[in-house]
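# A closer look at the structure
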Amino acid sequence: MKSPAVSTSHSSEFKSKIEQRQARVAVIGLGYVGLPLALLYSDQGFRVTGFDIDERKVSTLAAGGSYIFRITATEIQKARGQGFSATSDYAQLEQMDAIIICVPTPLNEYHEPDLSYITGTAESLAPHLQPGQLVVLESTTYPGTTGLKAARKGEPDDKAFFVAFSPEREDPGNQTVARHDIPKVIGGLEPKASELAGALYGAIFNRTVPVSSPAVAEMTKLLENIYRCVNIALVNELKLLCLRMGIDIWEVIEAASTKPFGFHPFYPGPGLGGHCIPVDPFYLSWKAKEWDFHTRFIELAGEINTNMPYHVLDSVAHALNQQKKAVNGSKVLVLGVAYKKDIDDLRESPALTIIELLQKAGAEVSYNDPYFPVVGRGRKYDLQMKCAPLDNLGQYDCVLIVTDHSDYDYQRIVRESKLVVDTRKATRGISSPKIVHC
(Lines give C-alpha, C1' and ligand atoms only; values in the text may rest on other atoms or scores of the structure.)
Protein backbone atom coordinates (compact mmCIF):
# COMPACT_ATOMS: atom_id res chain seq x y z
CA MET A 1 0.00 0.00 0.00
CA LYS A 2 1.31 3.43 -0.88
CA SER A 3 2.12 5.46 2.22
CA PRO A 4 0.25 8.74 2.54
CA ALA A 5 2.30 11.87 2.19
CA VAL A 6 2.26 14.26 5.10
CA SER A 7 3.93 17.62 5.27
CA THR A 8 6.31 18.56 8.01
CA SER A 9 4.00 21.46 8.82
CA HIS A 10 1.07 19.10 9.46
CA SER A 11 3.16 16.93 11.76
CA SER A 12 4.39 20.00 13.65
CA GLU A 13 0.88 21.40 13.88
CA PHE A 14 -0.48 18.10 15.25
CA LYS A 15 2.27 17.92 17.88
CA SER A 16 1.74 21.56 18.78
CA LYS A 17 -1.96 20.90 19.36
CA ILE A 18 -1.06 17.97 21.58
CA GLU A 19 1.47 19.97 23.60
CA GLN A 20 -0.94 22.88 24.05
CA ARG A 21 -3.84 20.54 24.86
CA GLN A 22 -5.83 21.94 21.95
CA ALA A 23 -6.21 18.63 20.10
CA ARG A 24 -9.73 17.21 20.07
CA VAL A 25 -9.69 13.54 21.05
CA ALA A 26 -12.47 11.08 20.28
CA VAL A 27 -12.81 7.73 22.05
CA ILE A 28 -15.21 5.26 20.44
CA GLY A 29 -16.50 2.60 22.82
CA LEU A 30 -17.03 3.74 26.42
CA GLY A 31 -16.60 0.47 28.24
CA TYR A 32 -13.96 -0.81 30.64
CA VAL A 33 -11.17 0.30 28.28
CA GLY A 34 -12.56 3.36 26.51
CA LEU A 35 -14.03 5.26 29.45
CA PRO A 36 -10.89 5.13 31.65
CA LEU A 37 -8.83 6.21 28.62
CA ALA A 38 -11.17 9.10 27.91
CA LEU A 39 -10.92 10.25 31.54
CA LEU A 40 -7.13 9.97 31.43
CA TYR A 41 -7.01 12.37 28.47
CA SER A 42 -9.53 14.66 30.11
CA ASP A 43 -7.52 14.73 33.30
CA GLN A 44 -4.51 15.92 31.26
CA GLY A 45 -6.44 18.88 29.91
CA PHE A 46 -7.67 17.52 26.59
CA ARG A 47 -11.16 18.15 25.34
CA VAL A 48 -12.52 14.64 24.88
CA THR A 49 -15.67 13.38 23.22
CA GLY A 50 -16.77 9.83 23.87
CA PHE A 51 -18.83 7.90 21.32
CA ASP A 52 -21.01 4.88 22.02
CA ILE A 53 -24.03 3.27 20.36
CA ASP A 54 -25.42 2.39 23.81
CA GLU A 55 -27.75 5.28 24.60
CA ARG A 56 -27.91 4.18 28.25
CA LYS A 57 -24.20 4.85 28.66
CA VAL A 58 -24.45 8.17 26.85
CA SER A 59 -27.36 9.38 28.98
CA THR A 60 -25.72 8.19 32.22
CA LEU A 61 -22.55 10.13 31.42
CA ALA A 62 -24.57 13.18 30.33
CA ALA A 63 -26.24 13.15 33.74
CA GLY A 64 -22.85 13.00 35.46
CA GLY A 65 -23.20 9.37 36.51
CA SER A 66 -21.09 6.25 36.08
CA TYR A 67 -21.88 2.63 35.20
CA ILE A 68 -18.45 1.20 36.11
CA PHE A 69 -17.92 0.51 39.81
CA ARG A 70 -14.38 1.83 40.13
CA ILE A 71 -15.14 5.03 38.20
CA THR A 72 -17.04 7.38 40.47
CA ALA A 73 -19.67 9.91 39.51
CA THR A 74 -17.33 12.56 40.90
CA GLU A 75 -14.72 11.63 38.27
CA ILE A 76 -17.32 11.90 35.51
CA GLN A 77 -18.50 15.27 36.76
CA LYS A 78 -14.95 16.56 36.98
CA ALA A 79 -14.31 15.46 33.40
CA ARG A 80 -17.52 17.12 32.22
CA GLY A 81 -16.32 20.33 33.82
CA GLN A 82 -13.16 20.00 31.71
CA GLY A 83 -15.13 19.61 28.47
CA PHE A 84 -15.76 15.85 28.35
CA SER A 85 -19.01 14.85 26.66
CA ALA A 86 -20.56 11.66 25.31
CA THR A 87 -22.64 11.16 22.20
CA SER A 88 -23.90 8.59 19.71
CA ASP A 89 -23.71 11.11 16.84
CA TYR A 90 -20.81 10.02 14.65
CA ALA A 91 -21.04 13.22 12.61
CA GLN A 92 -19.18 14.94 15.45
CA LEU A 93 -16.08 12.93 14.47
CA GLU A 94 -15.46 15.50 11.73
CA GLN A 95 -14.32 17.95 14.42
CA MET A 96 -11.74 15.59 15.94
CA ASP A 97 -7.99 15.49 15.50
CA ALA A 98 -7.54 11.94 16.82
CA ILE A 99 -9.97 9.03 16.95
CA ILE A 100 -9.27 6.07 19.25
CA ILE A 101 -11.34 2.91 18.80
CA CYS A 102 -11.94 0.78 21.91
CA VAL A 103 -14.76 -1.59 20.94
CA PRO A 104 -15.22 -5.26 21.93
CA THR A 105 -13.71 -8.10 19.91
CA PRO A 106 -15.36 -11.25 21.29
CA LEU A 107 -15.61 -14.76 19.90
CA ASN A 108 -18.65 -16.14 18.14
CA GLU A 109 -20.37 -19.39 19.09
CA TYR A 110 -17.77 -21.35 17.11
CA HIS A 111 -14.84 -19.73 18.96
CA GLU A 112 -13.96 -17.71 15.87
CA PRO A 113 -13.06 -13.98 15.92
CA ASP A 114 -16.06 -11.66 15.82
CA LEU A 115 -14.90 -8.36 14.32
CA SER A 116 -18.42 -7.02 13.82
CA TYR A 117 -17.87 -4.20 16.33
CA ILE A 118 -14.72 -3.08 14.52
CA THR A 119 -16.24 -3.28 11.06
CA GLY A 120 -19.43 -1.59 12.23
CA THR A 121 -17.43 1.23 13.79
CA ALA A 122 -15.29 1.61 10.67
CA GLU A 123 -18.39 1.84 8.49
CA SER A 124 -19.95 4.42 10.81
CA LEU A 125 -16.90 6.67 11.02
CA ALA A 126 -15.78 6.40 7.37
CA PRO A 127 -18.16 9.07 6.01
CA HIS A 128 -16.89 11.54 8.60
CA LEU A 129 -13.11 11.07 8.32
CA GLN A 130 -11.17 14.23 7.54
CA PRO A 131 -7.73 14.80 5.98
CA GLY A 132 -4.94 14.64 8.54
CA GLN A 133 -6.90 12.85 11.23
CA LEU A 134 -5.22 10.08 13.21
CA VAL A 135 -7.20 6.86 13.73
CA VAL A 136 -5.92 4.37 16.32
CA LEU A 137 -7.36 0.92 16.97
CA GLU A 138 -6.90 -0.41 20.52
CA SER A 139 -9.24 -3.42 20.34
CA THR A 140 -7.48 -6.77 20.61
CA THR A 141 -7.38 -8.61 17.30
CA TYR A 142 -5.24 -10.84 15.10
CA PRO A 143 -2.26 -9.53 13.10
CA GLY A 144 -3.30 -7.90 9.86
CA THR A 145 -6.58 -6.40 11.04
CA THR A 146 -5.30 -2.83 11.10
CA GLY A 147 -5.08 -2.53 7.35
CA LEU A 148 -7.41 0.37 6.63
CA LYS A 149 -6.37 2.32 3.58
CA ALA A 150 -4.69 5.49 4.72
CA ALA A 151 -5.94 7.47 1.74
CA ARG A 152 -9.46 7.72 0.41
CA LYS A 153 -10.09 6.06 -2.91
CA GLY A 154 -9.71 8.51 -5.76
CA GLU A 155 -8.21 11.27 -3.63
CA PRO A 156 -4.61 12.46 -3.54
CA ASP A 157 -2.27 11.54 -0.71
CA ASP A 158 -2.48 14.98 0.89
CA LYS A 159 -6.09 14.10 1.74
CA ALA A 160 -4.93 11.12 3.78
CA PHE A 161 -5.75 10.18 7.30
CA PHE A 162 -3.31 8.17 9.40
CA VAL A 163 -3.78 4.77 11.01
CA ALA A 164 -2.05 2.98 13.88
CA PHE A 165 -2.62 0.12 16.30
CA SER A 166 -1.91 0.49 20.00
CA PRO A 167 -3.15 -2.40 22.14
CA GLU A 168 -5.01 -1.60 25.32
CA ARG A 169 -3.40 -2.87 28.52
CA GLU A 170 -6.27 -2.30 30.91
CA ASP A 171 -6.32 -4.47 34.04
CA PRO A 172 -9.64 -3.97 35.87
CA GLY A 173 -9.22 -3.83 39.62
CA ASN A 174 -5.46 -3.29 39.53
CA GLN A 175 -4.68 -0.67 42.18
CA THR A 176 -0.90 -1.11 42.20
CA VAL A 177 0.07 0.26 38.78
CA ALA A 178 -1.15 3.68 37.68
CA ARG A 179 -2.53 3.74 34.14
CA HIS A 180 -0.04 6.38 33.00
CA ASP A 181 2.83 4.14 34.13
CA ILE A 182 1.85 1.30 31.77
CA PRO A 183 4.06 1.56 28.64
CA LYS A 184 2.10 2.07 25.41
CA VAL A 185 3.06 -0.05 22.39
CA ILE A 186 2.44 1.74 19.07
CA GLY A 187 2.61 0.48 15.50
CA GLY A 188 1.66 2.78 12.62
CA LEU A 189 0.88 1.85 9.03
CA GLU A 190 3.82 4.08 8.12
CA PRO A 191 6.40 6.08 10.09
CA LYS A 192 4.41 9.32 10.26
CA ALA A 193 1.40 7.50 11.69
CA SER A 194 3.64 6.06 14.40
CA GLU A 195 5.10 9.51 15.03
CA LEU A 196 1.69 11.12 15.40
CA ALA A 197 0.37 8.31 17.59
CA GLY A 198 3.52 8.55 19.71
CA ALA A 199 2.82 12.24 20.29
CA LEU A 200 -0.82 11.50 21.15
CA TYR A 201 -0.06 8.79 23.68
CA GLY A 202 3.12 10.39 24.95
CA ALA A 203 0.98 13.18 26.36
CA ILE A 204 -0.65 10.87 28.91
CA PHE A 205 1.68 7.85 29.24
CA ASN A 206 5.15 8.05 30.74
CA ARG A 207 6.60 5.71 28.12
CA THR A 208 5.71 4.80 24.56
CA VAL A 209 7.16 1.79 22.75
CA PRO A 210 7.22 2.18 18.95
CA VAL A 211 7.28 -0.97 16.84
CA SER A 212 7.72 -1.42 13.11
CA SER A 213 4.14 -2.14 12.10
CA PRO A 214 0.56 -2.61 13.33
CA ALA A 215 0.97 -6.37 12.87
CA VAL A 216 3.86 -6.40 15.37
CA ALA A 217 1.75 -4.43 17.86
CA GLU A 218 -1.21 -6.76 17.32
CA MET A 219 0.97 -9.84 17.86
CA THR A 220 2.50 -8.21 20.96
CA LYS A 221 -0.93 -7.97 22.56
CA LEU A 222 -1.72 -11.58 21.72
CA LEU A 223 1.61 -12.78 23.13
CA GLU A 224 1.03 -10.95 26.41
CA ASN A 225 -2.29 -12.65 27.01
CA ILE A 226 -1.42 -16.03 25.53
CA TYR A 227 1.55 -16.08 27.91
CA ARG A 228 -0.89 -15.75 30.79
CA CYS A 229 -3.37 -18.22 29.30
CA VAL A 230 -0.74 -20.93 28.84
CA ASN A 231 0.71 -20.53 32.32
CA ILE A 232 -2.72 -20.51 33.94
CA ALA A 233 -3.53 -23.69 32.02
CA LEU A 234 -0.32 -25.21 33.38
CA VAL A 235 -1.24 -24.54 37.01
CA ASN A 236 -4.84 -25.60 36.40
CA GLU A 237 -3.63 -28.96 35.10
CA LEU A 238 -1.17 -29.29 37.98
CA LYS A 239 -4.00 -28.48 40.38
CA LEU A 240 -6.00 -31.44 39.07
CA LEU A 241 -3.01 -33.71 39.60
CA CYS A 242 -2.29 -32.28 43.05
CA LEU A 243 -5.89 -32.88 44.12
CA ARG A 244 -5.49 -36.55 43.29
CA MET A 245 -2.13 -36.69 45.07
CA GLY A 246 -3.36 -34.89 48.17
CA ILE A 247 -0.98 -31.96 47.65
CA ASP A 248 -1.96 -28.32 48.13
CA ILE A 249 -1.16 -26.59 44.81
CA TRP A 250 -1.37 -23.18 46.46
CA GLU A 251 1.34 -24.12 48.94
CA VAL A 252 3.44 -25.41 46.03
CA ILE A 253 3.08 -22.13 44.12
CA GLU A 254 3.89 -20.12 47.24
CA ALA A 255 7.06 -22.13 47.79
CA ALA A 256 8.11 -21.90 44.12
CA SER A 257 7.57 -18.13 44.23
CA THR A 258 10.48 -17.76 46.62
CA LYS A 259 12.85 -18.44 43.72
CA PRO A 260 14.30 -15.02 42.80
CA PHE A 261 14.72 -15.82 39.10
CA GLY A 262 13.14 -17.92 36.35
CA PHE A 263 9.70 -18.23 37.96
CA HIS A 264 6.59 -16.06 37.99
CA PRO A 265 3.52 -17.23 39.93
CA PHE A 266 0.22 -17.96 38.22
CA TYR A 267 -2.81 -19.25 40.07
CA PRO A 268 -5.48 -21.86 39.30
CA GLY A 269 -9.17 -21.16 39.30
CA PRO A 270 -12.61 -22.23 38.05
CA GLY A 271 -11.89 -21.06 34.50
CA LEU A 272 -10.78 -17.96 32.64
CA GLY A 273 -12.71 -14.72 32.37
CA GLY A 274 -12.28 -11.19 31.13
CA HIS A 275 -12.09 -9.53 27.75
CA CYS A 276 -8.66 -10.83 26.72
CA ILE A 277 -7.20 -14.01 28.20
CA PRO A 278 -10.07 -16.40 27.31
CA VAL A 279 -10.37 -14.84 23.84
CA ASP A 280 -6.93 -13.92 22.48
CA PRO A 281 -5.51 -17.45 22.02
CA PHE A 282 -8.40 -18.33 19.73
CA TYR A 283 -7.79 -15.20 17.65
CA LEU A 284 -4.25 -16.32 16.90
CA SER A 285 -5.04 -20.01 16.40
CA TRP A 286 -7.80 -19.06 13.94
CA LYS A 287 -5.51 -16.71 12.01
CA ALA A 288 -2.66 -19.24 11.99
CA LYS A 289 -4.73 -21.64 9.89
CA GLU A 290 -4.44 -19.15 7.03
CA TRP A 291 -0.75 -20.14 6.91
CA ASP A 292 -1.53 -23.84 7.30
CA PHE A 293 -0.12 -23.69 10.82
CA HIS A 294 -1.69 -25.23 13.92
CA THR A 295 -0.88 -23.64 17.27
CA ARG A 296 -1.15 -26.90 19.20
CA PHE A 297 0.38 -25.64 22.42
CA ILE A 298 -1.97 -22.65 22.55
CA GLU A 299 -5.02 -24.71 21.62
CA LEU A 300 -4.24 -27.24 24.35
CA ALA A 301 -4.03 -24.45 26.94
CA GLY A 302 -7.39 -23.12 25.76
CA GLU A 303 -8.90 -26.58 26.03
CA ILE A 304 -7.67 -27.05 29.61
CA ASN A 305 -8.97 -23.67 30.75
CA THR A 306 -12.30 -24.10 28.96
CA ASN A 307 -12.86 -27.41 30.76
CA MET A 308 -12.35 -26.02 34.27
CA PRO A 309 -16.04 -25.15 34.87
CA TYR A 310 -16.84 -28.82 34.18
CA HIS A 311 -14.30 -29.79 36.82
CA VAL A 312 -16.11 -27.48 39.25
CA LEU A 313 -19.43 -29.17 38.45
CA ASP A 314 -17.89 -32.59 39.08
CA SER A 315 -16.43 -31.36 42.37
CA VAL A 316 -19.79 -30.05 43.56
CA ALA A 317 -21.45 -33.33 42.58
CA HIS A 318 -18.81 -35.35 44.45
CA ALA A 319 -19.02 -33.11 47.54
CA LEU A 320 -22.82 -33.40 47.62
CA ASN A 321 -22.57 -37.14 47.08
CA GLN A 322 -20.43 -37.36 50.21
CA GLN A 323 -23.38 -35.75 51.99
CA LYS A 324 -25.70 -38.40 50.44
CA LYS A 325 -27.27 -35.79 48.18
CA ALA A 326 -27.57 -35.44 44.43
CA VAL A 327 -26.99 -32.27 42.41
CA ASN A 328 -30.50 -32.71 41.04
CA GLY A 329 -32.77 -30.97 43.52
CA SER A 330 -30.01 -29.47 45.66
CA LYS A 331 -29.95 -25.78 46.51
CA VAL A 332 -26.63 -24.22 45.54
CA LEU A 333 -25.48 -20.66 46.26
CA VAL A 334 -22.75 -19.34 43.97
CA LEU A 335 -20.60 -16.72 45.67
CA GLY A 336 -19.21 -14.23 43.15
CA VAL A 337 -20.07 -13.97 39.46
CA ALA A 338 -17.48 -11.37 38.37
CA TYR A 339 -14.60 -12.89 36.43
CA LYS A 340 -12.14 -11.84 39.14
CA LYS A 341 -12.25 -10.40 42.65
CA ASP A 342 -13.42 -6.91 43.54
CA ILE A 343 -14.59 -5.80 40.07
CA ASP A 344 -17.97 -5.37 38.38
CA ASP A 345 -17.09 -7.17 35.15
CA LEU A 346 -18.95 -10.23 33.86
CA ARG A 347 -17.19 -10.64 30.53
CA GLU A 348 -16.50 -14.32 29.82
CA SER A 349 -16.86 -15.07 33.55
CA PRO A 350 -16.64 -18.80 34.31
CA ALA A 351 -19.33 -18.30 36.96
CA LEU A 352 -21.93 -17.90 34.22
CA THR A 353 -20.99 -21.24 32.68
CA ILE A 354 -20.93 -22.90 36.09
CA ILE A 355 -24.41 -21.60 36.93
CA GLU A 356 -25.77 -22.91 33.63
CA LEU A 357 -24.10 -26.30 34.13
CA LEU A 358 -25.57 -26.60 37.64
CA GLN A 359 -29.02 -25.65 36.38
CA LYS A 360 -28.83 -28.22 33.57
CA ALA A 361 -27.88 -30.81 36.20
CA GLY A 362 -31.11 -30.01 38.08
CA ALA A 363 -29.75 -27.81 40.89
CA GLU A 364 -31.72 -24.87 42.23
CA VAL A 365 -29.12 -22.13 41.84
CA SER A 366 -28.89 -18.72 43.51
CA TYR A 367 -26.01 -16.28 43.49
CA ASN A 368 -24.58 -13.48 45.58
CA ASP A 369 -22.21 -10.80 44.37
CA PRO A 370 -21.91 -7.33 45.95
CA TYR A 371 -21.18 -5.85 42.49
CA PHE A 372 -24.20 -7.28 40.68
CA PRO A 373 -27.73 -6.76 42.06
CA VAL A 374 -29.03 -8.55 38.97
CA VAL A 375 -27.61 -10.77 36.23
CA GLY A 376 -29.72 -10.50 33.11
CA ARG A 377 -28.91 -11.31 29.53
CA GLY A 378 -25.60 -11.18 27.68
CA ARG A 379 -24.18 -12.39 24.40
CA LYS A 380 -23.88 -15.98 25.64
CA TYR A 381 -26.21 -16.21 28.63
CA ASP A 382 -29.72 -15.35 29.74
CA LEU A 383 -29.96 -16.02 33.47
CA GLN A 384 -32.40 -13.33 34.69
CA MET A 385 -31.38 -13.73 38.33
CA LYS A 386 -31.37 -11.41 41.33
CA CYS A 387 -28.67 -11.28 43.96
CA ALA A 388 -29.60 -13.42 46.97
CA PRO A 389 -28.87 -12.11 50.48
CA LEU A 390 -26.36 -13.81 52.75
CA ASP A 391 -28.70 -13.90 55.75
CA ASN A 392 -29.64 -17.60 55.70
CA LEU A 393 -26.76 -19.70 54.41
CA GLY A 394 -28.05 -22.80 56.16
CA GLN A 395 -30.84 -23.13 53.61
CA TYR A 396 -28.35 -24.15 50.90
CA ASP A 397 -27.02 -27.64 50.42
CA CYS A 398 -23.80 -26.17 49.01
CA VAL A 399 -22.15 -22.76 48.97
CA LEU A 400 -19.80 -22.55 45.98
CA ILE A 401 -17.06 -19.90 46.06
CA VAL A 402 -16.32 -18.91 42.45
CA THR A 403 -15.03 -15.34 42.90
CA ASP A 404 -13.11 -14.49 46.07
CA HIS A 405 -14.33 -10.93 46.69
CA SER A 406 -12.66 -9.16 49.62
CA ASP A 407 -16.08 -8.13 50.98
CA TYR A 408 -16.96 -11.67 52.03
CA ASP A 409 -16.54 -12.82 55.62
CA TYR A 410 -15.29 -16.31 54.91
CA GLN A 411 -15.15 -17.30 58.58
CA ARG A 412 -18.87 -16.59 58.87
CA ILE A 413 -19.65 -18.23 55.53
CA VAL A 414 -18.00 -21.48 56.61
CA ARG A 415 -19.54 -21.33 60.08
CA GLU A 416 -23.11 -20.88 58.81
CA SER A 417 -23.01 -23.14 55.74
CA LYS A 418 -23.60 -26.87 55.52
CA LEU A 419 -20.99 -27.38 52.80
CA VAL A 420 -18.50 -25.02 51.13
CA VAL A 421 -16.80 -25.83 47.83
CA ASP A 422 -13.91 -23.41 47.34
CA THR A 423 -12.43 -22.90 43.85
CA ARG A 424 -10.15 -19.99 44.84
CA LYS A 425 -8.53 -21.00 48.14
CA ALA A 426 -10.55 -18.15 49.66
CA THR A 427 -10.92 -20.12 52.90
CA ARG A 428 -7.18 -20.40 53.43
CA GLY A 429 -6.39 -20.58 57.14
CA ILE A 430 -9.87 -21.79 58.06
CA SER A 431 -10.00 -25.37 59.33
CA SER A 432 -13.35 -27.09 58.88
CA PRO A 433 -14.59 -30.45 57.58
CA LYS A 434 -17.25 -28.49 55.69
CA ILE A 435 -14.69 -27.13 53.23
CA VAL A 436 -13.91 -28.91 49.97
CA HIS A 437 -11.17 -27.43 47.79
CA CYS A 438 -11.44 -27.92 44.07
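Described below are features of the structure shown in this document. (Residues numbered from 1 in each chain as written. Predicted model: local features only at pLDDT ≥ 70, side-chain atom pairs only at ≥ 80, totals over all residues. Heavy atoms only, no water.)

### Digging into the pairing of strand β11 (residues 374–377)
Formally: The pairing criterion for strands is at least two bridges between them, as found by DSSP. In this description a helix means any DSSP run of H or I spanning at least four residues, a strand means any run of E spanning at least two, and both kinds are numbered starting from the N terminus.
Judged from the 3 bridges that link them, β11 and strand β12 (residues 382–386) form a sheet pairing that is antiparallel. Bridge pairing in β12 links Val374 to Lys386. Count of turn residues in the β11/β12 antiparallel hairpin: 4 residues.

### Topic: the pairing of strand β6 (residues 162–165)
Two faces belong to every sheet, and in a regular strand the side chains alternate between them. Under the convention used in this document: Accessible area is worked out with a 1.4 Å probe on protein chains only. A residue is then buried under 20% of its type maximum, exposed over 50%, and partly exposed in between.
What you see with β6 is no split at all: Phe162 and Ala164 on one side and Val163 and Phe165 on the other are buried throughout. Here strand β5 (residues 134–137) runs beside β6; their pairing, made up of 4 bridges, is parallel. Paired with Val136 across the strands is Ala164, a residue of β6.

### Comments concerning the sheet that holds β6
The cut-off we apply is this: A fitted line through C-alpha atoms serves as each axis, taken over the contacting stretch for helices, and the angle formed by two N-to-C directions is quoted from 0 to 180°. Whether two residues are in contact is decided by their heavy atoms: any pair within 4.5 Å suffices.
Pairing is mixed in the open sheet, where 8 strands are placed in the order β3-β2-β1-β4-β5-β6-β7-β8. The open sheet is flanked by β3 (85–87) and β8 (208–210), the only strands paired with a single partner. Strand-to-strand twist of the sheet, defined as the mean angle between neighbouring strand axes without regard to direction, takes the value 25 degrees. Of the pairings in the sheet, the one linking strand β7 (residues 184–188) to β8 comprises 3 bridges and is parallel in character. Bridged to Lys184 within β8 is Thr208. Running at roughly 145 degrees to β7, helix α7 (residues 214–245) makes contact with β6 and β7 of the sheet.

### Remarks on the nonpolar core
We count it as follows: Definition of nonpolar core: a set of buried residues of the types Ala, Val, Leu, Ile, Met, Phe, Trp, Tyr and Cys, connected through side-chain atoms within 4.5 Å.
Residues Ile28, Leu93, Ile99, Ile101, Leu125 and Tyr283 are the most contacted members of the largest nonpolar core, which totals 43 residues. Top contributing element to this core by residue count: α7, with 9 residues. Setting aside residues up to four positions removed in sequence, Ile99 forms contacts with Ala26, Ile28, Leu93, Leu129, Gln133, Leu134, Val135 and Val136. One finds Leu30, Ile68, Ala79 and Phe162 within the second-largest nonpolar core, a separate group that totals 40 residues.

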